[in-house]
Amino acid sequence: MQQLNCRSGARGPLRIAAGCSPRPRRAHAFSPNPFNPSLSSLATSPLRPGRLSRSTGLQSRLIPAGLPDPLAVGLFFAPGFAALVYAYFRGKGNLTDGLSRLLTEISQGYFQPDVGGKNIPVAQGELSDLAGDQPLFKALYQWFIESGGVYKLVFGPKAFIVVSDPVVVRHLLKDNAFNYDKGVLAEILEPIMGRGLIPADLDTWRVRRRAVVPAFHRQYYDAMVTMFGRCADRSSDKLQALVEKGQVGLGGRVVDMESEFLSLGLDIIGLGVFNYDFGSITSESPVIKAVYGVLKEAEHRSTFYLPYWNLPLADVLVPRQAKFRRDLRVINDCLDDLIRKAQETRVEEDAEALQNRDYSKLRDPSLLRFLVDMRGEDVTNKQLRDDLMTMLIAGHETTAAVLTWALYCLMQSPAALERVLREVDGVERGGNPQGETVADLEACKGDPLGESLRMYPQPPILIRRALGEDVLPGGLRGDPAGYPIGTGADLFISVWNLHRSPYLWKDPDTFRPDRFFESYSNPDFEGKWAGAYAVSGGAALYPNEVGSDFAFIPFGGGARKCVGDQFAMFEATVALAVLLRRFSFALEGPPEKVGMATGATIHTANGLMVRVSRRTPPPPPPAPAAGSPREEQLPRQPVAA
Ligand code: HEM
């Protein structure tokens, strides 16, 4: 573990401390973008020890909202040149650090609005200290161990409060959830998702959430599970063909399974959300290319320092912005066409009648159909498009990433894999899981999938911005008086830290699906954290934030919790079951070679290269006698208390 020096009120040439920015909507030009705070594109030197101090809590605004654009543009570019000079004359020669130091001095000199958080410990250092070879969410872990569950991370004139404590997370996501919006994340996503659920302002969110949630109902899931099986069969057939080509003398064929899961995820989300078959498992099309282009751009924006997309004439002057616009147009045209067709065939009914339609006979069971047919929902086409785009993006990479890391973990854990195989061979009885069987699969109830989501949360960081003043609870060993923060304070909820916290989990870095059958508590919380009780095998579909009192938040929690959680868990379960039954997977090369990179989700740095070979499943065991406990058939390894 890297050592960090603590000192109070550090000042001097290396210091970059400033404070939280109060919503500089127009140009928070120099804030690193935390949607994916890897900063890898900025890093020019390896991670070095940073310094921690108690903050003076200076808050800054770089460019006040309301400035005319030409001035904003001038302010936007000028510091870049100045930073070059500054970095040069301060003898460091690192543009990023020079820029950051310069901004600190400017912000401390001229812009010091107060958004609170004065008593929160501050992590300080060069920007390059915070980056390096590893993604930033991993660097955040080191500061967490040093400075506790609430600390401030400062970049130039911006600061983010990093939260890794379940007591504080519960406060942010549940107890005082409506005091927060998505802040910087919404600013990045708004050009793509408009006012879809993720970036939506609270008023829009309330209306759309009420409309969208009923669309995820029992019959819909049954239809989806059948569709998941069909798409997984397509993936299987493709793998089968690849394996047959490479089988002779090689013991299998090396395939990038991450890429296969991305294709599978895209086809599934297209069919489930707007009944559009991308067919990406087997082909390429302009729409698929455009979707990947937009996803890539979203990711790039999340790692880039300057919001070039807000600049006047960016569409003309910045080639990637021009490409982004073209890609967005292709997708929007496709979505508009689907929406138009759905509008033309609209049959209005109330939500209950819609849920009781016979989904086994529906040609279009999609969410779009439901949303268009809902009585009284005079929603604009633009809003519908925003909703669909949001779900397309939110539901694609996330599930693919879960499958990628679940397979990665299972390939290295023969005992866990063996248990999953016994189950999929037994429960499926030769066919794909259907609506009634899928929830019986322990894999679905979360053991391996839940455990891989614990180790590789998607996304690894949630983002919030305070809409009003608040006092964050102190949490474990924090300030007992709590931490007052003001309007505009930006927060990272580090799901990675929470899920790997040594205060919340036994062996946090070990893949151990059985952990969800155990209970865990920590008296150091002095009753403020209820602990995690055994959740698997119970009524919950998967281990979740309720059973862990916000120590485990794979789908967030509270009002803004993921609407697609069950969709995703069913999808991942079916895909895993279908593929594991037909194929054997072995990691090609050492696990470290896989590496980690982060965008909106954690993906591999080098692909998940896997040797795939055919597997002959054993004959299914006899059906269990009515009422016999499942546990007898599926003995589990004993788990240490
Ligand atoms: C394993 C897959 C998935 C994971 C890990 C995941 C994770 C999450 C998380 C953590 C949030 C909360 C974000 C926050 O609080 O800032 C969220 C929100 C959301 N997710 Fe998912 N998600 C997944 C799949 C899906 C799918 C399949 C869909 C759609 C079909 C979806 C749609 C959404 C939407 C619309 C929101 C915003 C909810 C709101 O603000 O009301 N997600 N997701």
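The chain has the name Cytochrome P450 in an unreviewed UniProt entry, where Volvox carteri f. nagariensis is given as its organism.

Now for the overall build of the chain. Tallying secondary structure elements over the chain gives 22 helices and 15 strands in all. Of all 641 residues assigned to the chain, the portion counted as buried reaches 60%. For the chain, restricting intrachain contacts to residue pairs at least 6 apart in sequence, the fraction spanning at least 24 positions comes to 77%. Accessible area of the chain: about 24900 Å², with a carbon and sulfur share of 56%.

Moving on, we come to helix α6 (residues 183-193). With respect to burial, α6 is a largely interior element, 9 of its 11 residues being buried. Among the residues of α6, Gly-183, Val-184, Leu-185, Ala-186, Glu-187, Ile-188, Leu-189, Ile-192 and Met-193 are the ones counted as buried. Note on α6: the residue one or two positions beyond its end, Gly-194, has a positive phi of about 55 degrees.

Per the UniProt annotation, the sites labelled "binding site: heme" (unreviewed entry) are Cys-562. Inspection of the secondary structure puts Cys-562 in the loop between α20 (495-499) and α21 (565-582). Residue classification places Cys-562 among the partly exposed residues on the basis of a relative accessible area of 33%.

The biggest cluster of nonpolar side chains holds 131 residues, and the ones touching the most others in it are Met-257 and Phe-585. Not counting chain neighbours up to four residues away, the residues in contact with Met-257 comprise Leu-239, Leu-407, Leu-579, Phe-585, Leu-608, Val-610 and Val-612.

With that out of the way, let us pick up the site of the ligand. Around the ligand sit 28 residues in total, of which Trp-205, Arg-209, Arg-464, Arg-560 and Cys-562 are the nearest. Take Lys-182: an N or O atom from its side chain is 3.4 Å from an oxygen atom of the ligand. Measuring from an oxygen atom of the ligand, one finds a side-chain N or O atom of Arg-464 at 2.7 Å. Put simply, the ligand lies in the largest cavity.

What follows covers empty space enclosed by the protein. Counted by the stated rule, this structure contains 5 cavities of 30 Å³ or more. Estimates place the volume of the largest cavity at around 980 Å³. Forming the boundary of the largest cavity are 50 residues, of which Ile-198, Ala-394, Thr-398, Pro-459 and Cys-562 lie nearest the centre. For the lining of the largest cavity, the secondary structure elements donating two or more residues are α6, α7 (202-212), α9 (257-274), α10 (286-303), α15 (381-411), β8 (461-466) and α21. Element by element, the count of residues in the lining of the largest cavity is highest for α15, at 9 residues. Partitioning the lining of the largest cavity into residue classes produces 33 nonpolar, 9 polar and 8 charged. Here the second largest cavity defines a volume of roughly 150 Å³.

Okay, the sheet that holds strand β7 (residues 253-256) next. Reading across the sheet, the 3 strands line up as β7-β15-β12 and stay open at both edges, with antiparallel pairing between neighbours. Because the sheet does not close on itself, it has two edges, and the strands there are β7 and β12 (583-587). Strand-to-strand, the axes of this sheet are offset by a mean angle of 40 degrees, without reference to chain direction. As defined by bridge partners, β7 adjoins strand β15 (residues 609-614) across 4 bridges and the pair is classed as antiparallel. Following the sheet pairing, Val-254 is matched in β15 by Arg-611. Packed onto the sheet, α15 meets β12 and β15 and runs at close to 80 degrees relative to β12. Of the strands in this sheet, β12 and β15 touch α21, which is tilted by about 95 degrees from β12.

Glancing now at the packing of α9 against α21. It is at 12 Å that the axes of α9 and α21 come closest, and there the two elements cross at 130 degrees. In this view, α9 runs oblique relative to α21, as classed from their interaxial angle. Once α9 is placed against α21, the crossing between them reads as right-handed. Residue-level inspection shows Met-257, Phe-261, Leu-264, Gly-265, Ile-268, Ile-269 and Gly-272 of α9 in contact with α21, the latter providing Phe-567, Glu-571, Ala-575 and Leu-579.

This brings us to the pairing of β12. Residues in a regular strand point their side chains to alternate faces of the sheet. Going residue by residue along β12, you find Phe-583, Phe-585 and Leu-587 tucked away on one face and Ser-584 and Ala-586 left uncovered on the opposite face. As paired elements, β12 and β15 share 5 bridges and run antiparallel to each other. By the bridge assignment, Leu-587 is partnered in β15 with Val-610.

What follows concerns the packing of α7 against α15. Two elements in contact, α7 and α15, have axes whose closest approach is 12 Å; the angle formed by their N-to-C orientations is 70 degrees. Between α7 and α15, the angle is such that the two are roughly perpendicular. For the pair formed by α7 and α15, the contact residues are Thr-204, Arg-208 and Val-212 on the first element and Gln-383, Leu-384, Asp-387 and Met-391 on the second. Its residues assigned to classes, the contact of α7 with α15 shows 3 nonpolar, 2 polar and 2 charged.

In total, this model carries 40 salt bridges according to the counting rule given. Notably, a salt bridge pairs Arg-340 with Glu-344, separated by 3.0 Å at the nearest N-O pair. With Arg-340 and Glu-344 both in helix α12 (residues 319-344), this residue pair falls 4 residues apart, about one helical turn. Overall, Glu-344 belongs to the exposed group, its relative accessible area being 56%. The salt bridge partner of Arg-512 is Asp-507, with a shortest N-O separation of 3.8 Å. Using a relative accessible area of 18% as the deciding quantity, one classes Arg-512 as buried. Beyond isolated ion pairs, a larger network of salt bridges with shared partners links Arg-170, Lys-174, Asp-175 and Asp-549.

A few words on unusual backbone geometry. Pro-459 follows Gln-458 through a cis peptide bond whose omega is 0 degrees. Within the element layout of this structure, Pro-459 appears in the loop between α19 (447-455) and β8. Even without being glycine, Glu-526 reaches a positive phi, approximately 50 degrees. Counting through the fold element by element, Glu-526 comes out in the loop between α20 and α21. Residue classification places Glu-526 among the exposed positions, given a relative accessible area of 66%.

With that settled, consider the packing of aromatic side chains. Scanning the entire structure with this criterion turns up 25 aromatic pairs. Both rings, one in Trp-405 and one in Tyr-408, keep their centres 5.1 Å apart while their planes meet at 85 degrees; by these two values the pair is edge-to-face. Remark: Tyr-408 and Trp-405 occur in helix α15; sequence separation between them is 3 residues, near one turn of the helix. With respect to class, Trp-405 is no different from Tyr-408; both count as buried. For the ring pair Tyr-408 and Tyr-456, a centre distance of 6.2 Å and an interplane angle of 85 degrees mean the geometry is edge-to-face. Note that Tyr-408 is positioned in helix α15 and Tyr-456 in the loop between α19 and β8, a separation of 48 residues in sequence. By relative accessible area, Tyr-408 is classed as buried at 11%. Taken together, Phe-216, Tyr-220, Tyr-221, Phe-228, Phe-567 and Phe-570 form an aromatic cluster joined through their ring pairs. Here the guanidinium or amino end of Arg-500 rests over the ring plane of Tyr-456, the centre of that ring lying 5.4 Å away.

Procedures and definitions
- Residues numbered from 1 in each chain as written.
- Predicted model: local features only at pLDDT ≥ 70, side-chain atom pairs only at ≥ 80, totals over all residues.
- Heavy atoms only, no water.
- Helix = DSSP H or I, 4+ residues; strand = E, 2+ residues; numbered from the N terminus.
- Buried < 20%, exposed > 50% of the residue type's maximum accessible area, 1.4 Å probe, protein only.
- Contact = heavy atoms within 4.5 Å.
- Areas by Shrake-Rupley, 256 points an atom, 1.4 Å probe, with all protein chains shown as cover.
- UniProt positions renumbered as here; feature names shortened; annotations may be inferred.
- Core = buried A, V, L, I, M, F, W, Y, C linked by side-chain atoms within 4.5 Å.
- Near = heavy atom within 4 Å.
- Polar contact = N/O pair within 3.5 Å; in protein donor to acceptor, adjacent residues only side chain to side chain.
- 1 Å grid on protein atoms, 1.4 Å probe; cavity = no way out; pocket = protein on both sides within 12 Å on 5 of 7 lines; lining within 4 Å.
- Sits in = over half its atoms within 2 Å of the grid points.
- Points joined across faces, edges and corners; volume = space filled by probe spheres on them.
- Nonpolar A, V, L, I, M, F, W, Y, C, P; charged D, E, K, R; others polar.
- Pairing = 2+ DSSP bridges.
- Axes fitted to C-alpha atoms, helices over the stretch in contact; angles between N-to-C directions.
- Parallel < 35°, antiparallel > 145°, perpendicular 65-115°, else oblique.
- Left-handed = near helix turned anticlockwise from the far one by under 90°.
- Salt bridge = Lys/Arg side-chain N within 4 Å of Asp/Glu carboxyl O.
- Phe/Tyr/Trp six-rings, centres within 6.5 Å; stacked < 30°, edge-to-face > 60°.
- Lys NZ or Arg CZ within 6 Å of the ring centre and 35° of its normal.

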